[in-house]
Structure formats: C-alpha cells, structure tokens
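Below, each chain spelled out in residue letters.
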Amino acid sequence: MFTFALRRFLIAIPTLLIISLAIFLLLEAAPGDPLGDVPLTVPPDVKEKMRAALGLDSAWYVRYLLWLKQFFWVEPLNLVDYIFGTDYAQGMQRVISFQSRQPVMQIIAQRVPQTLTVVGMSYLIGVSIALPIGIYSAYRQYSWFDQIGTLVSMIGFSVPTFFSGVVLIIVFAVKLQWFPSIYDTTHQVTDWASFMKQVRQMAMPVMVLSLYNAAQISRFMRSSMLDNLNQDYVRTARAKGLTEKVVVLVHVLRNSLIPVVTVIALGVPTIFGGAIITEQVFKVNGLGQQLITSIHSNDMPMVMTLTFIFAILIVTFNLIADLLYGILDPRIRYD
Amino acid sequence: MKLKTALLGAAASLVFAPAAYAERGSDGEVKIIYWQAVSTLNPYLSSGTKDVETASLVIEPLAGFDENGVVIPRLVTEIPTVENGGVSADLTSITWKLKPGLVWSDGTPVTAHDAVFTANYCMDPAGGCAQLARYEGIKSVEALDDLTVKITYNEPRPNPYTAFVGATSPILQAAQFANCTGAAASSCTAENFAPIGTGPFRVTDFRTNDVVQMEANPNYRDPAKPAFAKLTVKGGGEAAAAARAVMETGEFDYAWNTQISPEVQSQMAAGGKGEFIYAFGTLVERIEMNMTDPSPSLPEGERATVAHPHPILSDIRVRKALSMAIDRDVLVEVGYGNAGRATCNLVPAPAMFASDNTDCLVQDVEGAKALLEEAGWKVGPDGIRVKDGARLKLLYQTSVNAVRQDFQSIIKQWWNDIGVEVELKAIDAGVYFGGDAGSPDTFQKFYADVEMYANNFDGTDPEPYLAQYTCDKAPSPATQWQGENVNRFCDPAYDALVVELGRTGEMGKRAELAKRMNEMLTKDSYTVVPLVDRGRLSARSLSLGGVVLNTWDSELWNVSDWYRVK
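The rules behind the values
- Residues numbered from 1 in each chain as written.
- Chains lettered and ligands numbered in written order.
- Predicted model: local features only at pLDDT ≥ 70, side-chain atom pairs only at ≥ 80, totals over all residues.
- Heavy atoms only, no water.
- Helix = DSSP H or I, 4+ residues; strand = E, 2+ residues; numbered from the N terminus.
- Buried < 20%, exposed > 50% of the residue type's maximum accessible area, 1.4 Å probe, protein only.
- Contact = heavy atoms within 4.5 Å.
- Areas by Shrake-Rupley, 256 points an atom, 1.4 Å probe, with all protein chains shown as cover.
- Buried area = accessible area lost by both parts, 1.4 Å probe.
- Salt bridge = Lys/Arg side-chain N within 4 Å of Asp/Glu carboxyl O.
- Nonpolar A, V, L, I, M, F, W, Y, C, P; charged D, E, K, R; others polar.
- Axes fitted to C-alpha atoms, helices over the stretch in contact; angles between N-to-C directions.
- Parallel < 35°, antiparallel > 145°, perpendicular 65-115°, else oblique.
- Left-handed = near helix turned anticlockwise from the far one by under 90°.
- Pairing = 2+ DSSP bridges.
- Phe/Tyr/Trp six-rings, centres within 6.5 Å; stacked < 30°, edge-to-face > 60°.
- Lys NZ or Arg CZ within 6 Å of the ring centre and 35° of its normal.
- Core = buried A, V, L, I, M, F, W, Y, C linked by side-chain atoms within 4.5 Å.
- Expected span 1.5 Å × (residues − 1).
- Bend = angle between axes of the 7 residues up to and from the residue.

1. Describing the overall build of chain A
And then number 1: Within chain A one finds twelve helices and zero strands.
And then number 2: Listed by position from the N terminus, the elements making up chain A come as α-α-α-α-α-α-α-α-α-α-α-α.
And then number 3: Counting over 335 residues, chain A shows a buried share of 47%.
And then number 4: In chain A, of all internal contacts separated by at least 6 residues, the share reaching a separation of at least 24 is 70%.
And then number 5: Within the structure as shown, chain A displays about 17100 Å² of accessible surface, and the carbon and sulfur contribution to it stands at 70%.

Structure representation (structure tokens):
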C-alpha cells in the first residue's frame, strides 16, 4: 500500500508539470488581451507602456519559467514566512494579479472561506440527503417514493443553476422578501441574530447547489444498491434469518458504498473550484467568481494559478479515492 | 385623507430636509452596487470605470466637472483662466492655488508637493500609468510654494484642464506612495487598496473584486458632510441583478450602469422602490465605413491598407445611401429606451461643440434606392444590386453584445430592402477591442466593410478625439495595426483643421472648428455614420436623495451631498 502511494505520488509530479505547461500554453494561445478592457480613450502608446509594466513584453518561455519559480519557490517561502514570522521571501516577486496587482495567493486565501462555507455546505447537505434517498429508492424500486425521487433528480440534473437560481431569487427575494438576493461576504457571525442572517443569506445558493449535488449522488447510490440487492449473498443473509435492517444497512449498504465513496471523493475538488454560475448569480464572491472575472479580463497569473491549484486537488483526490477503495474493500490490493 | 397625509408628509419633509444632512454621519449607511467588481483603488494602475469611480470617493483631483461639463474647483480656491491670470497668456502654463488648511484623512496637511509627486508618479516611464494621457505634453510640474502648483507645457495648450482635473487624475499623498514609484508601483498592494485621500470617505476594508467598505472621513473639509457614516461598494453579478437589488428588493441604494433592455427597465420601475436615472455625455454608437479594401484575396500586408481603396464604399453615394436607410429612432427604442437618443453627430456634446446636423434622423428608403441607382448599382434577379458583375455585398462586424446583435439584424433588414446583401459577424469583445496585432478580428485591423462600436472622449474637450482621424493615425502593418483612424480616412483639408484647432485658444473659434470637423466626418463624407447617443443609465433607491448623474466625471462625484430621504 505504501509503495503504491509513493509511486503514485512520484508520478503525480511530472503529470502536474505537464498540466501546468498545457494550461500556460492554452492561455497563451487563447485570443484576448489583458489590456482589452482598457477604454478606447487611452492612446496606444500608453497601452504599450502598461503592457511592459505587466511584464508582457518578454517571451512566453521566460514568463512560464518565472511563474514556475514564483509558484514553487517564492510562494511556499512566503507561506513559511507567514507561519513562522521569518523573512526568507523578502524582496522576491510573488505571483501578482494583473487586475488588482495583489499577490494571487492573498486573493485566494481571502476567498476560500466564502467558497468553503457555501459550496462546501451544499456538498455536505447534498451528500447527506442523497444517500438515504438513494438507499430507499433502490430498496423500494418503482414505488411512488422512487418515482418522485427520480423526477426530482432529473429536475436537479437538467435545470441549469442560472435558471433555478434566478427563479429562487424572484420567488424568495423579490416576491416574498425572505432571503437577500445579494450575499454579504463581510458578514461576521457573532451572535444568534447574525447567525440567522448568515443562514438566510446562504439558504438560496445552498438550495440550488445541493439540489444539483444530491441529484447526481442519489442516482449513483440507487444504482449501486440495485446492483447489490440482487446478489446471492443478500439471499443467503436473508435465508440465515437476519432482519431486513441488518441485510440492507449492513451487508448491502457497505458493499454499495464503494463506488459511491469514490464519486464523492472525486467531487471534493469541485468544491474548491467553486460554483462559477451560482456564485455569480448570488454574488457570493468566492473562487468561482474570481476565476470567471479573471478569465474575462485575461488576468493570466490569476487564471493560471487557480486552474493549476484545481489540477493539484484533482490529482490528489484521485489518489485518495484509490486508497479509500483499498480500505473499503479488502479484496482490492495494490501490491 | 390620503391626500392630506401625503401633503402633511411633504410639508414635514420640506421642514426637515435641511436637517437631514446637517450633520456628518447622521444618515447611517449607503450601499452601492457596481456589478463589475472593483479591483483596485489606484486609478493610475487601472483605467476601469469601476475602479476610477470608486476611488473618487476617497481621492480627489484639484478640480472636477459638474453635470454640465463645467470645470469646478475641488481642492483649489478657483479655476485658473487667462482672465484671472491663472493660465499664462501664451497658454503654456497653468497655476493652481490650493485651498489653505486642507488636510488628508490622516490629519497631515495637503501641499503642492503632493501634486508634484502625483504627476511624477504617473509620468514615471517604468510605472505603466494608465492615465498617462492626462499628463501628456507636460514640460514640468513644480511647487512654487506649499499651496501653489505650476504646470508648464511644451506647447501652447488651449485646454489646460487635463492634469489634476477629473476623477482620472486625483492627487495621491506623497508620504504614502513615496516608495511606490516606477516598477514598485504594482507591488504596493496596501497603498493601492487604501489610498489616503481628501474625499468624503476613507477605506476601512478592501477585498479585491468583491467589496469595499468605507467610513466618513473625519477630516473632510466640509464639517457637515458626508451625511452617511458608512458606505459599501459591492461587486459581482450582472447589470440586471444590480438593477433588481435597487429597484425590486431594495437591498441597495444605488446601482451603477444598469444597461438593460427598455422592456425590463419598465418592468423593474413598476417595483416602486427606485428609479432609473440617465444623463447624456459623448458616447456614440456608430457605424464606421472602411475606406480600404479588406478583401481576403489581397496579400497580407496590403489587405485593408490605403494602397487599395474600397471597391464599393469609396463611392460616397453608397455610404450615404447606407446611412439614409437607417431609422435611428427604432434603434433607440429597441436598444436603449430613455437612455439613448438618435444622433447624426460624432461629437454630440457639450452643447457648444455639437453641430446642429439632423439630416440623418429621417429614414429615406426611396432616396437611398435612388442614390444607389445613380451610383450605377442596378437591382439583380435576386433583389441584390449588381455593378460590373460585382454584387453589392458587405461584411458587417461588431462585438458580442445583445443590443449590438439586435442592431445588426435590424440594420441588415433595412439594407436588404435597398438591395444590399449583408453578412453579419460578431466577435468576442476581448478580442475585438483587444488590439492584438496577430488577430484578424480586431476593430483596428477592420477586416470587414463596415463595423459598429461605441466610443467617446475623456472630459469636455473634443480635440484629441477629432485628431484621431488624421491620415497618419491610420492603423497599418507598419504601425503593428495600432492607431485610432480605423476607417483609414484621409483628407489633407481635415489634417489642416486639426493643426489649426491645436493652435486656437479662443473657445468660440474652437467650437466652430470642432463642428466643421464633425461634419466633415459625418454628413459631408459619411465616413462615420453615428446611430445613437448613449446616455449613462443608473438606478437609485427612492430613499436616497441628492443624486445628480454626471457623465463628465465620476458618477459618484457629489456623494458628499447624498442623504437619506426621511
């Protein structure tokens, strides 16, 4: 197991380097220009000087190597400085956003809390309602509960969040005025009243996203349960006189969870990726909103760093999912 | 009964209105939404309107513009003119006198040295200053004493109100930005996000691309202002959502640039919580005619250059017919509603520079057809005109934008009606306006026959704007396709007028020249076919008083006068 993990970890390093080069080249080849938003009233020679000040006048490989150095050397040093109060990174150029000229990592650190509370919470809620729904739907296949579950998850799957989000805003914010339509990222929870305010402002984005997550995961859970319910060992268990509760919730559920757990683990990186559309609709200015505004304004350092962090997370959670597989199912051995 | 209460209420509000803004910080919090989120508060590092306008709450220029485009003093005692001796008789220097006793929000005095520092900060070649155009042609900026700044220009400057005038060139505090000049400008995150200023508010929390929180500046020069103790500028979402937050849910007091379709505007206005406000400036949506041949059959390097005149559009009769076929009022109705008006002028304002040219306002389809006949374009079997075996076919490009695509399809219909075949093309705005010399799709390269976009000029003086249409400003391979004269319009008489305008100081004569030049580009040559004069459109809550929309300066120019309607 350990050698497997180590081998996978070592393979991940060249994989990530290739990914970073691919992202960089894609951004480089993509049309658009970081100064595209500069008003037409700014004369071309001023634009040229602004371009040089952003470092865009050097060749692409120079900028790529500079980014690698900044990301793998300067930024970790900055983190060390931040934690231990040292000053190793003094005077070194960090990865700076074109748009705001703030170090990219500071922006990310500022936005992770919003994304984690809203998107993370909706993932948790999504998973915790999806599992029981999936289990019961499979156990009572084609019952009215299963039919309704199927209908709801089809809706969750097929209605895009930019539509369901706006519908919720019109119903709950404009007509009923229960929830705010704009998320306040500066809100601090200090007492019961402010906690309730936080709950109210999270309600709509969390609803939209957890419907989507639950729809997906409940379908996986249901089909995985159905696969197992018809197995011979289930008949044997029942023949031994075990109660239905033990048969379903111990024998069948444990075996059915194996593929579902991998799906859930692989979904975790998407939490950090944020929910671009939902964040935009409810003005939860988290990582997803940052990514899309940066893409719009061709803020290359920001887009590059964010997408690369997502790549790291995806590679990591792939590894974790593989390892979990081995733990959940003793038959799977990696040696 | 209802009427009586209403009257009583009105009377009461009249009595209490002066009291409503009699004390600083008495009206609580004001919430503003900019759907394009604010990235930085240093306008010298970003030319984005959102950044410049939000920064204008904190840092101020020496003088600004009021809602009529008139220069008004902010940090100075009066506006220097030739008459009061502030501008030298030869128009090469201008001397500003600061108000005595001014202090920054940290309590230290504002001096002329801060202004000198600011000019040097922007003019530093390594800094990449976004507002360099405001400081162009300056020979020296010097502090004659603590309260006097003198700017000397290389050449006579008929309009000296560029440096330190308007929200795009505010004064920075020298003490704060001393270590942020040149290449260090962009690494000064703390300074760029919370500049110390003289404006009505100061920054308490800044989160880039998200939200800015401010509080009333305790050292603001008017002890009774601002009426609001706190101010929040939230970003994110899109124009319709921002308008909804003011007009329907009432969560915000003011929404910037709520460009939404006239239908949605009237639906939202029915919410009764707010109103849309609009004002007109110089932004004109126009069709530009390509005077050179963009045909792909020409080799790169010659395509769309002055070496090859346009085979169809070189004939003024065709250009005029294309303009005559358009009903501009319909376009306004479809695209902008109250926030737009039909125009035939490239320079629609200020009033003194605007020509009374209204020839194009009436659509004349029959006249357009006759003109094309006269030019030798005869209707072919499929309704499209033909001349010497060539079809009257045009490629019409613009950026991706819902209103522009509506305009394209409507105008295509009108042009089809007069026998012109039209192919439409929509290009992502980032590419179209990006100016990348390697891309075939930039508006400068203009690899199409006609194109549509909007442009305006900064401030109230149209000289630099009109000077864009000289022969030497045509983008070409030799200039890496940079240059503002995208039509490749070239008329020696026009170039002579540009030179004359640059030498003329007297306002009446300048206006006369500007009008003539505007007409040469529009009704005399149909090089530029103006369509709609686009206003600024924003939304304010009915509970927010004192808002005056200004198109010549920051929209938030008079925020110190805003108050809560009680």
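From this point on, the discussion continues.
2. A look at the interface of chain A and chain B
And then number 1: Facing the 43 residues of chain A at the interface are 51 residues of chain B.
And then number 2: Here chain A meets chain B over a buried area of about 3800 Å², counting both sides, of which 54% is carbon and sulfur.
And then number 3: When the buried surface of chain A facing chain B is broken down by residue, Leu40, Arg101 and Ile182 of chain A rank first, second and third, together holding 18% of it.
And then number 4: At the junction of chain A and chain B, the tally comes to zero salt bridges.
And then number 5: Contributions of two or more residues to the side of chain A that touches chain B are made by helix H2 (44-53), helix H4 (104-139), helix H6 (161-175) and helix H11 (287-296) of chain A.
And then number 6: Broken down by element, the residue count for the side of chain A that touches chain B peaks at six residues, all from H2 of chain A.
And then number 7: Residues that form the side of chain A that touches chain B fall into these classes: 19 nonpolar, 18 polar and six charged.

3. Structural notes on the packing of helix H3 (residues 60-84) of chain A against helix H12 (residues 300-328) of chain A
Residue and element names in this part refer to chain A.
And then number 1: Taken N-terminus to C-terminus, the directions of H3 and H12 make an angle of 55°; their axes are 12 Å apart at the nearest point. Between H3 and H12, the angle is such that the two are oblique. In this structure, the crossing between H3 and H12 has a hand that is right-handed. For the pair formed by H3 and H12, the contact residues are Arg63, Trp67, Phe71 and Phe72 on the first element and Met300, Pro301, Met304, Thr305, Phe308, Ile309 and Ile312 on the second.
And then number 2: Here the contact of H3 with H12 is built from residues that sort into nine nonpolar, one polar and one charged.

4. Things to note about the sheet that holds strand E15 (residues 390-391) of chain B
Residues and elements named next belong to chain B.
And then number 1: Strand order in the open sheet formed by three strands is E13-E14-E15, and the pairing between neighbours is antiparallel. Of all the strands in the sheet, the pair left with one neighbour each is strand E13 (378-379) and E15.
And then number 2: Taken together, the two bridges between strand E14 (residues 385-387) and E15 define a ladder with antiparallel strand orientation. Across the sheet, the residue bridging to Lys387 is Ala390, located in E15.

5. With respect to the packing of aromatic side chains
The geometry of an aromatic ring pair is captured by the separation of the ring centres together with the interplanar angle, meaning the angle of the planes.
Residue and element names in this part refer to chain B.
And then number 1: The final tally for this structure, using the stated rule, is 33 aromatic pairs over all chains.
And then number 2: Seen from their ring centres, Trp96 and Tyr161 are 6.3 Å apart, and the 70° between their planes marks the pair as edge-to-face. On the criterion of sequence distance, the pair formed by Trp96 in strand E4 (residues 93-97) and Tyr161 in the loop between strand E6 (148-153) and helix H4 (174-177) is long-range, its members being 65 residues apart.
And then number 3: Classification of Tyr161 as buried rests on a relative accessible area of 16%.
And then number 4: On the basis of an interplanar angle of 80° and a centroid distance of 6.3 Å, the ring pair of Phe433 and Tyr453 is categorised as edge-to-face. Here Phe433 is found in the loop between helix H12 (429-432) and strand E18 (450-455), whereas its partner Tyr453 is found in strand E18, with 20 residues between them in sequence. Tyr453 carries the same exposure label as Phe433, and that label is buried.
And then number 5: What links up through ring pairs into an aromatic cluster is the set Tyr44, Phe117, Tyr121, Tyr135, Phe164 and Phe177.
And then number 6: Taking the ring centre of Phe252 as reference, the NZ or CZ of Lys31 above it sits at 5.1 Å.
And then number 7: Directly above the ring of Phe280 sits Arg341, whose terminal nitrogen or CZ lies 3.9 Å from the centroid.

6. Some details on the nonpolar core
Residue and element names in this part refer to chain B.
And then number 1: Trp96, Tyr121, Ile151, Phe164, Leu231, Tyr254 and Trp562 are the most contacted members of the largest nonpolar core, which totals 84 residues.
And then number 2: Among the elements that make up this core, the one with the highest residue count is helix H3 (residues 112-123) (seven residues).
And then number 3: By size, the runner-up hydrophobic cluster in this structure holds 33 residues, among which are Ile312, Met324, Leu392 and Phe407.

7. Here we look at the environment of Val38 of chain B
And then number 1: Tracing the sequence through the fold places Val38 of chain B in the loop between strand E1 (29-34) and helix H2 (49-55).
And then number 2: If near-sequence neighbours (up to four positions away) are discounted, Val38 of chain B is found in contact with Lys50, Asp51, Thr54, Phe206, Arg207, Thr208, Asn209, Asp210, Val212 and Val233 of chain B.

8. A few points about helix H9 (residues 244-273) of chain A
And then number 1: Between its first and last C-alpha atoms H9 of chain A spans 41 Å; for 30 residues at 1.5 Å apiece the expected length is 44 Å, and the two agree.
And then number 2: Considering bend angle alone, the principal kink of H9 of chain A is centred on Leu253 of chain A and spans about 45°.

9. Points about the sheet that holds E6 of chain B
Residues and elements named next belong to chain B.
And then number 1: Overall, antiparallel pairing links the three strands, which are arranged E4-E6-E5 in an open sheet. Since the sheet does not close on itself, it has two edges, and those belong to E4 and strand E5 (138-145), each with one partner. Averaged over all adjacent pairs, the angle separating strand axes in this sheet is 15°, with direction ignored.
And then number 2: By the bridge criterion, five bridges tie E4 to E6 in an arrangement that is antiparallel. Paired with Thr95 across the two strands is Lys150, which belongs to E6.
And then number 3: Its contacts with the sheet put H3 on E5 and E6, and the angle it makes with E5 is roughly 160°.

10. Quick word on unusual backbone geometry
All names here are of chain B.
And then number 1: Looking along the chain, the bond that leaves Lys225 and enters Pro226 is cis, with omega of -10°.
And then number 2: Looking at the secondary structure, you find Pro226 in the loop between strand E8 (211-216) and strand E9 (230-235).
And then number 3: Backbone torsion omega between Ala349 and Pro350 reads -5°, so that peptide bond is classified as cis.
And then number 4: Along the chain, the position of Pro350 falls in the loop between strand E12 (340-342) and helix H10 (365-374).
And then number 5: Despite not being glycine, Asp388 has its phi angle at roughly 50°, a positive value.
And then number 6: Located in the positive-phi region is Phe446, a residue other than glycine, with phi close to 55°.

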